[in-house]
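Spelled out, the chains give:
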Amino acid sequence: MKKYILSDCNLVDVEHGCALLPHRDIYIGGKVIEKIVPHGDAPQGYTVIDASGKFVMPGLINLHVHLFGTGRPSKALGGGKAQQRLLRFVQTAFGKKILGKIVEASAKNQLYSGVTTLRAVGDLFGSDIALKRRIENGKGGAKGLRMFISGMALTAPGGHGAGTFARTASSPEELARMVGEAVSAGADFVKICITGGVMDAKKRGEPGEVKMTEEQVRAGCDRAHALGKKVAAHVQSERGAEIAARCGVDTIEHGAPLSGESLRLLSERNGAQVVTCTPALPNARLPHEATKLNEMAAYNSEVVMRGMIEGARRAMAAGIAVGMGTDSSCPFCTQYNMWREVQWFQKLMDVPVKTALYIATLGNAEILGISDVTGSVREGKSADILLLGKNPLEDLSALRDIDCIFAQGRFIAEPRPKRMPEIERQLDKLTEEL
């Protein structure tokens, strides 16, 4: 691989309060950052990238991704015959090829929007596993992207994602067996769905109906931990969060109101809560004609969003790690808008810009257990780097347009993710209203 120097840049040091270090030269050799020094003359053997007046920061880390969709609203997402037809199709030989292309295009869009590491939390029929192997073999447009995958999620019959991105188990023993199967197939962690969600809720005001028993959750967690894997759980109610915390879940996904018991248990084992503002805000605030969700789902999205904000604020106040991700593939949750998640998190949680940037990079890396590898721009770490034309500490929308990206040393000049103009217009309006 070529050697590069990012010359005379302003470095956002997320390890030290997002301090801005001016006039730095960053040497990149192969997949790693060789050294960071004050600006000076470049030695031979390096390709020099003039970064004068520009800003360098770590690549973004997206902790909650589904790669099988684009984020364009569709009635198929809400179930019914349209969804059944789609699921039958993607299990045909031709459908599997199409699904593989969609998943790879989604991963490329994530990468080209500045996400250098992602955690995929539920796929269709093993499609993420196949993609990860392809990337690790240096193939495809998403090469350089670091992926952590669960494969298909696990839940109880009638649970969230059942029949789509989740397999179902009726007993604790069966769930434990499926955990072992997922790990054997290549899962880096296990995803379970303890409660229902917005799109499958049966009652107005109750989006997080508990679907899994405590015995099932505990059996799944115990088996995963015995195999050295963490457990992420879809949870959208206070009761669901208590079950998750009590039974060993490592990360509570989406967010929910956290009781004192949940906070105590998560704190004791260094658990975390992963917030997803990206689906919550548009699905709550945009007309349901636009999202193609029914009125009850729109109402319940508001309930989820308020619970998510309350839970995240309580977690941060208690010193519990909070991460963020986009829940891409849901309506209006595109594969290129992690930058919006950072911006909306900052506004909805009412935290400083520096806090949001830290969480989207080093904080998320710490939750993944890879902060010694990536998450900050430091000598010896992976070359996962964004070069920006504007200062993200002044305006997080600077993350929207990136001059260049390094992903495990792969250099991508002028990355341009494929955006959907109509969706962008509506999301921009939501941002203005915050």
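Refer to the structure presented above.
Residues numbered from 1 in each chain as written. Predicted model: local features only at pLDDT ≥ 70, side-chain atom pairs only at ≥ 80, totals over all residues. Heavy atoms only, no water.

A. Focus on unusual backbone geometry. Positive phi, normally seen in glycine, also occurs at aspartate 8, with a value near 65 degrees. Position of aspartate 8 relative to the elements: it lies in strand S1 (residues 3-13). Of note, phenylalanine 332 is a non-glycine position whose phi angle comes to about 70 degrees, a positive value. Tracing the backbone shows phenylalanine 332 in the loop between strand S15 (321-324) and helix H11 (338-349). (Helix = DSSP H or I, 4+ residues; strand = E, 2+ residues; numbered from the N terminus.)

B. Quick look at the packing of helix H5 (residues 214-226) against helix H6 (residues 238-247). At their nearest, the axes of H5 and H6 sit 9 Å apart, and the two run at 40 degrees to each other. The orientation of H5 relative to H6 falls into the category oblique. For the crossing formed where H5 meets H6, the hand is right-handed. Between H5 and H6, the residues in contact are Glu214, Val217, Arg218 and Cys221 and Ile243, Arg246 and Cys247, respectively. Within the contact of H5 with H6, the residues separate by chemical class into 4 nonpolar, no polar and 3 charged. (Axes fitted to C-alpha atoms, helices over the stretch in contact; angles between N-to-C directions. Parallel < 35°, antiparallel > 145°, perpendicular 65-115°, else oblique. Left-handed = near helix turned anticlockwise from the far one by under 90°. Contact = heavy atoms within 4.5 Å. Nonpolar A, V, L, I, M, F, W, Y, C, P; charged D, E, K, R; others polar.)

C. Just the packing of aromatic side chains, in detail. Within this structure, the stated rule accounts for 5 aromatic pairs. Between tyrosine 4 and phenylalanine 411 the ring centres are 5.0 Å apart and the planes differ by 35 degrees, which places this aromatic pair in the tilted class. Of this pair, tyrosine 4 sits in strand S1 while phenylalanine 411 sits in strand S18 (residues 410-413), and the two are 407 residues apart along the sequence. With relative accessibility at 10%, the residue tyrosine 4 sits in the buried group. Consider the rings of phenylalanine 406 and phenylalanine 411, whose centres lie 5.1 Å apart with planes at 40 degrees: the pair is tilted. With relative accessibility at 29%, the residue phenylalanine 411 sits in the partly exposed group. Three or more aromatic residues joined by ring pairs make a cluster, and in this case those are Tyr4, Phe406 and Phe411. (Phe/Tyr/Trp six-rings, centres within 6.5 Å; stacked < 30°, edge-to-face > 60°. Buried < 20%, exposed > 50% of the residue type's maximum accessible area, 1.4 Å probe, protein only.)

D. Summary view of the pattern of salt bridges. A full pass over the atoms with the stated rule returns 24 salt bridges. Across the pair glutamate 34 and lysine 3 runs a salt bridge, and its minimum N-O distance is 3.4 Å. Here the residue glutamate 34 occupies a position in strand S3 (residues 32-38), and lysine 3 occupies one in strand S1, the gap between them amounting to 31 residues. Judged by its relative accessible area of 31%, glutamate 34 falls in the partly exposed class. Close ionic contact of arginine 264 with glutamate 268 constitutes a salt bridge, the shortest N to O distance being 3.2 Å. Placement of both arginine 264 and glutamate 268 in helix H7 (residues 260-268) is noted, with a separation of 4 residues, approximately one turn of the helix. Linked through salt bridges whose partners overlap, the residues forming this network are Arg167, Glu174, Arg177 and Glu181. (Salt bridge = Lys/Arg side-chain N within 4 Å of Asp/Glu carboxyl O.)

E. Region of the structure containing a nonpolar patch on the surface. Nonpolar side chains collect at one region of the surface, where Leu86, Phe89 and Phe94 lie side by side and expose about 300 Å² of accessible area between them. The residue leucine 86 is located in helix H1 (residues 80-90) in this model. Residue leucine 86 is classed as partly exposed on the basis of its relative accessible area of 46%. (Patch = residues over 30% accessible without salt bridge, like charges linked within 9 Å, V, L, I, M, F, W, Y side chains within 5 Å. Areas by Shrake-Rupley, 256 points an atom, 1.4 Å probe, with all protein chains shown as cover.)

F. Spatial organisation of the environment of arginine 167. With respect to the helices, strands and loops of the structure, arginine 167 is situated in strand S10 (residues 166-168). By relative accessible area, which is 31% here, arginine 167 ends up partly exposed. Separated by 77 residues in the primary sequence, arginine 167 and valine 90 have C-alpha atoms spaced 16 Å apart. Residues within four places of arginine 167 in sequence aside, it is in contact with Met152, Ala153, Leu154, Thr155, Met178 and Glu181.

G. Structural context of the environment of threonine 70. Summarising the element assignment, threonine 70 is placed in the loop between strand S6 (60-65) and H1. Between the C-alpha atom of threonine 70 and that of asparagine 109, which follows or precedes it by 39 residues, the distance is 9.6 Å. Each residue touching threonine 70, except ones within four places of it in the same chain, is listed here: Ser329, Cys333, Thr334, Gln335 and Met420. Only 3.1 Å separates the side chain of threonine 70 from the backbone nitrogen of arginine 72, close enough to count as a polar contact. (Polar contact = N/O pair within 3.5 Å; in protein donor to acceptor, adjacent residues only side chain to side chain.)

H. Up close: the sheet that holds S6. Judged by pairing direction, the sheet is parallel, and its 3 strands sit side by side in the order S6-S7-S8 without closing on themselves. The open sheet has two edge strands, S6 and strand S8 (146-149), and neither has a second partner. When the angles between neighbouring strand axes are averaged without regard to direction, this sheet yields 15 degrees. Here 4 bridges tie strand S7 (residues 115-120) to S8, and the two strands are oriented parallel to one another. (Pairing = 2+ DSSP bridges.)

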